[in-house]
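# Tertiary structure, described
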Amino acid sequence: MSILYDAKTSIFHLSGTGFSYCLKISPEGQLLNLYWGARLPQADLSYLLQSFEGGASFDMEEYRMPIESVSRGSGFFGAPLVQAVNGQGDDLTQLRYVSHEILSGKPALAGLPAVYTESDGEAQTLIIKMRDALTGLTANLQYTVMEGYDVLTRSMVLKNEGQGDLLLTGTQSANVPMYGDDYELIHLHGGWARERSVQRVPVGKASIRVQSLRGASSHEQNPFVALVKPDTTEFAGEAWAMNLVYSGSFQAGTDVNNRALTRLFIGLNPETNRWLLASGDTFTTPEAVLVYSNQGLNAMSRKYHALYRSRLCRGKWRDAPRPVLINNWEGTYFDFNEEKILEIARRAKEIEVELFVLDDGWFGKRDQDNCSLGDWVVDRRKLPDGIDGLAKKINEMGLKFGLWFEPEMVSPNSDLYRAHPDWCLHVEGRKRSEARQQLILDLSRKEVQDYIIEAVSAVLRSAPISYVKWDMNRNMTEAFNCTLPAGRKMETQHRYMLGLYRVLEEIVSAFPEVLFESCSGGGGRFDAGLLYYMPQTWTSDDTDPVERLKIQYGTSMAYPPSAMGAHVSASPNHQTGRMTSMRMRGEVAIGGNFGFELDLSKLSPEDLETAKALVREVKAIRQTVQQGTFTRLLSPFEGNCTAWQFMSADREQAVLCAYKRLAEPDAALQRFTLRDLEEEALYRDQESGAVYPGGVLMHAGLPVKFDRGDYQSRVIRFEKVK
Ligand code: DGJ
């Protein structure tokens, strides 16, 4: 049993294979958090509260004590789990315990993406009902232990059981008070083409906010945060992590009080979400996935990877090998016609690529990025036989066909906008701010959702399309639904996300054979919310392999390699101008869902040969990359060399990926040590034929020789000797 309740002590003990999370109901009905950390034996942990008791009369219990369901106004001064303005105009909420139940399995969250189970035996859920006596607001705090995955998921269902309206001005999905004030915070910061760079900052006594107000999880911050101890490394030490299963504006952070209590929280961004909760209404917060590790950051990431790969991603492509693709974007941009596309596809087939993806520019009159979004009708000037004709010709070559869409957007210069100028997010009488010369369709409106579902579905029905790239290329401004009453306008951003999730659910269920990849100007919406609908995401528009080392390394903190699109593009690289070899580009892209994004007709015969060899190498290891265990060995944020490793699920294959940024004259060969091999088993290096015991590779290491020159890579595949 992973959830136990001791009625004598009023303590709930939730435990996975490696963690415990303990709650206690105080005599006054407050819900207290006693502990989150390494797995504990059953015990009465009430004595731990002594750490926080006593103190000057300035600070009340709400401030000093580790209260789980915090709200403001009665002594707590940080970011609250719940904040609601009532009919009297104050925002006091005093939630007290009412009841609880423990269920097998995991209830779904209405309209929201969430981790799921395949049978009730995989999880247990604790629902604690709290109530504010004066307003009748109730909060069902939902905790699910996925024991096999060693994670805890949390969300909250608020219900207005009172008579008057309530305005929710702040809700979080998790807010955990923890003992101590010597933590550091890891978060993933970035920008376009620089996504998810690993930041580690001392928390000390500070309140830190990591957030997006952009209406997307964003390039700038990711809804992932982890508290760690100063001595935590990739392989040792403690980490307490939270990741939000949500794709819109969020807020995460820390609040530290002056008596050694640090809170870590995550949830919707209260600045952009206000919700009118009328009498009888319910509101469900997105899910937070909590992971604890006392074996460093790699162990933390592995728990997220395993969970997301098999209990967040869904459908046929969850477990199927992902196709090696070629995408024409950086090869042609908008300048293509059928002949050019068929030429790229023909060459791609020669190097054994499996899927051709036609990117932006196939519809309306889109010769530049200034028009036609919303008009999902093929441009016959470029493709005289339509999408169907092109797809069939590509299929005849032996390649599958995929297509790009940006369904959430509308160009002011489009038939759709001319017909429905009010369908975009806007405020009457104010400027509609454009970015990339486009506006955002208001997906909080049902008619707009229905339009998108039908427009995309019509194209998918019309041709043999096996893959969809779902792009989204700007953030929200004037983010208001013009049909909502004034009191509900601030609900727009969250209603938009609920609308987007409905659209995606309808489309992915109607086309279960199609592989969907999400994208947002590269990795501007790389989050667990979208992975529920689309099992892979375009990681970044930056395809420079040197940059990609950092981007893929940072992304792997929370997301598995099977979620990351990774392509080989041209050299010099279009984003940075850096020149790198085909091998380096390929051996970085090998660490995700591999593809090409260049004009193959411009490659030298040697590069084409290398490209073909790379495709074969990808196929030999993709099962391991996509379904195996990933380990970060050396960080690109620290030294000249970067390394990571993949280990197949059956532990028969290990792949060492090693990279060297700058050449060093007359330098000793650096040794790379592998992880998780069997000490006594023998492993054969498939290239050199040399055989080593696992223990030797793990402890003594392998000297790796790189070619001369900057930006070098080696991918070394080991097979266990039978
Ligand atoms: C942004 C994406 O990240 C690119 O890969 C490409 O699809 C362009 N949009 C097309 O407009």
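Owing to the predicted nature of the structure, the values given are computational and were not obtained by experimental measurement.

### Let's talk about the overall build of the protein chain
Scanning the protein chain from terminus to terminus reveals 13 helices and 39 strands. Compactness check: the protein chain gives a C-alpha radius of gyration of 26 Å against a globular reference of 27 Å for 722 residues, within 12% of the reference. Principal-axis analysis of the C-alpha atoms gives the protein chain an extent of 80 × 70 × 45 Å. Looking at the 722 residues of the protein chain, the share that counts as buried comes to 62%. For the protein chain, the exposed area adds up to about 25800 Å²; of that, 50% sits on carbon and sulfur atoms.

### A look at the sheet that holds strand β3 (residues 19–25)
The strand order across the open sheet built from four strands is β1-β2-β3-β4, with neighbouring strands paired in antiparallel fashion. Strands at the two margins of the open sheet, each flanked by one partner only, are β1 (3–6) and β4 (31–38). Within the sheet, the average angular offset between the axes of one strand and its neighbour, ignoring direction, is 15°. Two elements, strand β2 (residues 11–15) and β3, share five bridges in a ladder whose sense is antiparallel. The partner of serine 15 across the bridge, within β3, is serine 20.

### Digging into the pattern of salt bridges
Counted by the stated rule, this structure contains 55 salt bridges. Between glutamate 454 and arginine 461 there is a salt bridge, and its shortest N-O distance comes to 2.6 Å. Its relative accessible area of 52% is what places arginine 461 among the exposed residues. Put simply, Glu118, Glu122, Arg311, Arg318 and Asp319 are held in one network by salt bridges that share partners.

### Quick word on the pairing of strand β23 (residues 355–358)
The two faces of β23 match: Leu355 and Val357 on one face and Phe356 and Leu358 on the other face are all buried. Where strand β22 (residues 325–327) lies against β23, three bridges are found, and the strand directions are parallel. Bridge assignment links isoleucine 326 to a residue of β23, and that residue is phenylalanine 356. Of the pairings in the sheet, the one linking β23 to strand β24 (residues 400–405) comprises four bridges and is parallel in character. Bridge pairing in β24 links phenylalanine 356 to phenylalanine 401.

### A closer look at the site of the ligand
As a structural note, the neighbourhood of the ligand is formed by 13 residues, with Asp359, Asp360, Lys469, Asp471 and Asp541 the closest of them. Within the side chain of asparagine 473, a nitrogen or oxygen atom sits 3.3 Å from a nitrogen atom of the ligand. Protein chains shield 98% of the accessible area of the ligand, which is 300 Å² for the free molecule.

### Comments concerning the packing of aromatic side chains
This structure, assessed with the given rule, holds 32 aromatic pairs. Plain terms: the ring middles of tyrosine 183 and tryptophan 240 are 5.5 Å apart, the flat faces sit at 90° to each other, and that makes the pair edge-to-face. Of this pair, tyrosine 183 sits in the loop between β11 (174–179) and β12 (184–189) while tryptophan 240 sits in strand β16 (residues 239–245), placing them 57 residues apart in sequence. You can call tyrosine 183 buried: its relative accessible area is 4%. The class for tryptophan 240 is buried, based on a relative accessible area of 3%. Where tyrosine 553 meets phenylalanine 637, the ring centres are 6.1 Å apart and the plane angle is 65°; that geometry is what we call edge-to-face. With a gap of 84 residues between them, tyrosine 553 in helix α10 (residues 545–555) and phenylalanine 637 in the loop between β32 (629–634) and β33 (641–647) connect regions that are remote in the sequence. Since its relative accessible area comes to 3%, tyrosine 553 is described here as buried. Note on phenylalanine 637: relative accessible area 30%, which makes it partly exposed.

### Focus on empty space enclosed by the protein
Taken as a whole and judged by the stated rule, the model has six cavities of 30 Å³ or more. Considering only enclosed or pocket space, the largest cavity measures out at about 90 Å³ in volume. Grouping the amino acids of the lining of the largest cavity by side-chain chemistry returns three nonpolar, six polar and three charged.

### Structural notes on the nonpolar core
Counting 198 residues, the largest nonpolar core has Leu358 and Trp362 as the members making the most contacts within it. In terms of residue count, the dominant contributor to this core is helix α8 (residues 492–510) (eight residues). Those residues in contact with leucine 358 that lie beyond four places of it in its chain are Asn328, Phe336, Ile341, Leu383, Ile387, Leu390, Phe401, Gly402, Leu403 and Trp404. Within the second largest apolar cluster, 19 residues are counted, among which are Leu674, Leu677, Tyr683 and Phe706.

### Brief notes about the sheet that holds strand β18 (residues 261–268)
Strands sit in the order β11-β18-β17-β14 across an open sheet of four strands; the sheet is antiparallel. This sheet does not close on itself; its edge strands, each paired only once, are β11 and β14 (208–212). Averaged over all adjacent pairs, the angle separating strand axes in this sheet is 10°, with direction ignored. With five bridges connecting them, β14 and strand β17 (residues 250–256) associate as antiparallel partners.

### Regarding the environment of leucine 268
Relative to the elements of secondary structure, leucine 268 occurs in strand β18. The class for leucine 268 is buried, based on a relative accessible area of 4%. Each C-alpha atom of the pair leucine 268 and glycine 75 lies 23 Å from the other, and the pair is 193 residues apart in sequence. Once residues lying within four places of it in the same chain are set aside, the contact partners of leucine 268 are Thr171, Leu244, Tyr246, Ser249, Phe250, Gln251, Asn273, Phe283, Pro286 and His494.

### With respect to the environment of leucine 307
Secondary-structure assignment places leucine 307 in helix α2 (residues 296–311). Linking leucine 307 and aspartate 150, residues 157 residues apart in sequence, is a C-alpha distance of 8.9 Å.

### Describing α10
Most of α10 sits inside the fold, with nine of its 11 residues counted as buried. Along α10, the residues that are buried comprise Pro545, Val546, Arg548, Leu549, Ile551, Gln552, Tyr553, Gly554 and Thr555. Here α10 starts with a cap whose side-chain oxygen sits 2.7 Å from the backbone nitrogen of valine 546, and that cap is aspartate 544.

### Some thoughts on the packing of helix α4 (residues 338–350) against helix α5 (residues 386–396)
At a closest axis distance of 10 Å, the pairing of α4 and α5 adopts a crossing angle of 25°. By the criterion of interaxial angle, the relationship of α4 to α5 is roughly parallel. In terms of crossing hand, the pair formed by α4 and α5 is right-handed. Facing α4, whose interface residues are Glu338, Ile341, Leu342 and Ala345, α5 presents Leu390, Lys393 and Ile394. Within the contact of α4 with α5, the residues separate by chemical class into five nonpolar, no polar and two charged.

Rules behind the numbers
- Residues numbered from 1 in each chain as written.
- Predicted model: local features only at pLDDT ≥ 70, side-chain atom pairs only at ≥ 80, totals over all residues.
- Heavy atoms only, no water.
- Helix = DSSP H or I, 4+ residues; strand = E, 2+ residues; numbered from the N terminus.
- Rg over C-alpha atoms; globule rule 2.2 N^0.38 Å.
- Buried < 20%, exposed > 50% of the residue type's maximum accessible area, 1.4 Å probe, protein only.
- Areas by Shrake-Rupley, 256 points an atom, 1.4 Å probe, with all protein chains shown as cover.
- Pairing = 2+ DSSP bridges.
- Axes fitted to C-alpha atoms, helices over the stretch in contact; angles between N-to-C directions.
- Salt bridge = Lys/Arg side-chain N within 4 Å of Asp/Glu carboxyl O.
- Near = heavy atom within 4 Å.
- Polar contact = N/O pair within 3.5 Å; in protein donor to acceptor, adjacent residues only side chain to side chain.
- Phe/Tyr/Trp six-rings, centres within 6.5 Å; stacked < 30°, edge-to-face > 60°.
- 1 Å grid on protein atoms, 1.4 Å probe; cavity = no way out; pocket = protein on both sides within 12 Å on 5 of 7 lines; lining within 4 Å.
- Points joined across faces, edges and corners; volume = space filled by probe spheres on them.
- Nonpolar A, V, L, I, M, F, W, Y, C, P; charged D, E, K, R; others polar.
- Core = buried A, V, L, I, M, F, W, Y, C linked by side-chain atoms within 4.5 Å.
- Contact = heavy atoms within 4.5 Å.
- Parallel < 35°, antiparallel > 145°, perpendicular 65-115°, else oblique.
- Left-handed = near helix turned anticlockwise from the far one by under 90°.

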